[in-house]
Amino acid sequence: MYSVEKKKKKYTSKMNIVMEGVFDDMNGFLLPSKQQYFMIQQQKICHIKVISPILARSFIEKKVQKKYQKLLEMITELLLDDDESGESFRIALNQIEKFRQEIKNKYRIYLEKKELTRMARQLSVLQEEAKKNLLELQSHYFIDHTRGNARK
């Protein structure tokens, strides 16, 4: 004799949770979170890495634009600062180079070439201005310093 039993299937999530360390060696963009975790179906997910460059592009464009705007504000403030030692020009040059290297090493594959060339042109103009002002300040300091020694 046979009997038929109905077993209730428990709901299984279609979301695959990957253990930490499995995708560490893969290149991708780690999504930022203010709370250090994401809540997905009442579970805390600490790290979400977007591997597809097409999907990561919008996140990275926003992040780079925020950094770029902050950099432009800081550089214009530094270039307008009347610092006699030229330290503000050196700081501006260092920040420009740091941003360019970060874009080149981290985000180049995610951003469009048109956007990269636009940012590079604007940064090179600001960099040239900072170099010109620094050289002018150094030459002015050198002239004043040599005149002061000649008078003694």
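Calculation notes
- Residues numbered from 1 in each chain as written.
- Predicted model: local features only at pLDDT ≥ 70, side-chain atom pairs only at ≥ 80, totals over all residues.
- Heavy atoms only, no water.
- pLDDT = per-residue confidence, 0-100.
- Helix = DSSP H or I, 4+ residues; strand = E, 2+ residues; numbered from the N terminus.
- Salt bridge = Lys/Arg side-chain N within 4 Å of Asp/Glu carboxyl O.
- Buried < 20%, exposed > 50% of the residue type's maximum accessible area, 1.4 Å probe, protein only.
- Patch = residues over 30% accessible without salt bridge, like charges linked within 9 Å, V, L, I, M, F, W, Y side chains within 5 Å.
- Areas by Shrake-Rupley, 256 points an atom, 1.4 Å probe, with all protein chains shown as cover.
- Lys, Arg positive; Asp, Glu negative; His and termini not counted.
- Charge placed at Lys NZ, Arg CZ, Asp CG, Glu CD.
- Contact = heavy atoms within 4.5 Å.
- Polar contact = N/O pair within 3.5 Å; in protein donor to acceptor, adjacent residues only side chain to side chain.
- Core = buried A, V, L, I, M, F, W, Y, C linked by side-chain atoms within 4.5 Å.

### What to know about the confidence of the model for the protein
No. 1: Looking at the protein, pLDDT values average 77 and 76% of them are 70 or higher.
No. 2: Within the protein, the element-level pLDDT minimum falls on strand β1 (residues 29-30), averaging 76, and the maximum on helix α1 (residues 53-80), averaging 87.

### Quick word on the pattern of salt bridges
No. 1: Within the structure shown, the criterion is met by 5 salt bridges.
No. 2: Measuring nitrogen to oxygen at the nearest pair gives 2.4 Å for the salt bridge that ties K67 to E102. Pair noted here: K67 is in helix α1 and E102 is in helix α2 (residues 87-107), with a separation of 35 residues, a long-range link.
No. 3: A relative accessible area of 28% means that K67 is categorised as partly exposed.
No. 4: For K132, the salt bridge is made with E129, and the minimal N-O distance between the two is 3.8 Å. You can see K132 and its partner E129 sitting in helix α3 (residues 113-151), 3 residues apart, about one turn around the helix.
No. 5: Assessed through its relative accessible area of 47%, K132 is described here as partly exposed.
No. 6: Within this structure, K67, E102 and K106 form a network of salt bridges that share partners.

### Section: unusual backbone geometry
No. 1: Here the phi dihedral of Q41 falls at roughly 50°; this positive angle occurs in a residue that is not glycine.
No. 2: Note on placement: Q41 falls in the loop between β2 (38-40) and β3 (43-45).
No. 3: If you check the backbone angles, Q42 has positive phi at about 60° while not being a glycine.
No. 4: For Q42, the location among the structural elements is in the loop between β2 and β3.

### What to know about a positive patch on the surface
No. 1: Taken together, the side chains of K34, K62, K66 and K70 define a basic patch exposed on the protein surface.
No. 2: Examined against the element boundaries, K34 turns out to sit in the loop between β1 and β2.

### Looking at the environment of R57
No. 1: The topology assignment puts R57 in helix α1.
No. 2: What makes R57 partly exposed here is its relative accessible area of 26%.
No. 3: Spatially, the C-alpha atoms of R57 and E112 are 8.8 Å apart, while their sequence positions differ by 55 residues.
No. 4: The residues touching R57, leaving out its near neighbours within four places in the chain, are Y110 and E112.
No. 5: Only 2.8 Å separates the side chain of R57 from the backbone oxygen of Y110, close enough to count as a polar contact.

### Quick word on the nonpolar core
No. 1: Ranked by size, the top nonpolar core spans 28 residues in total, and within it I60, V64, F99 and L111 carry the most contacts.
No. 2: If one sorts the elements of this core by residue count, α1 sits on top with 9 residues.
No. 3: With near-sequence residues (within four places) excluded, I60 lies in contact with F29, Y107, Y110 and L111.

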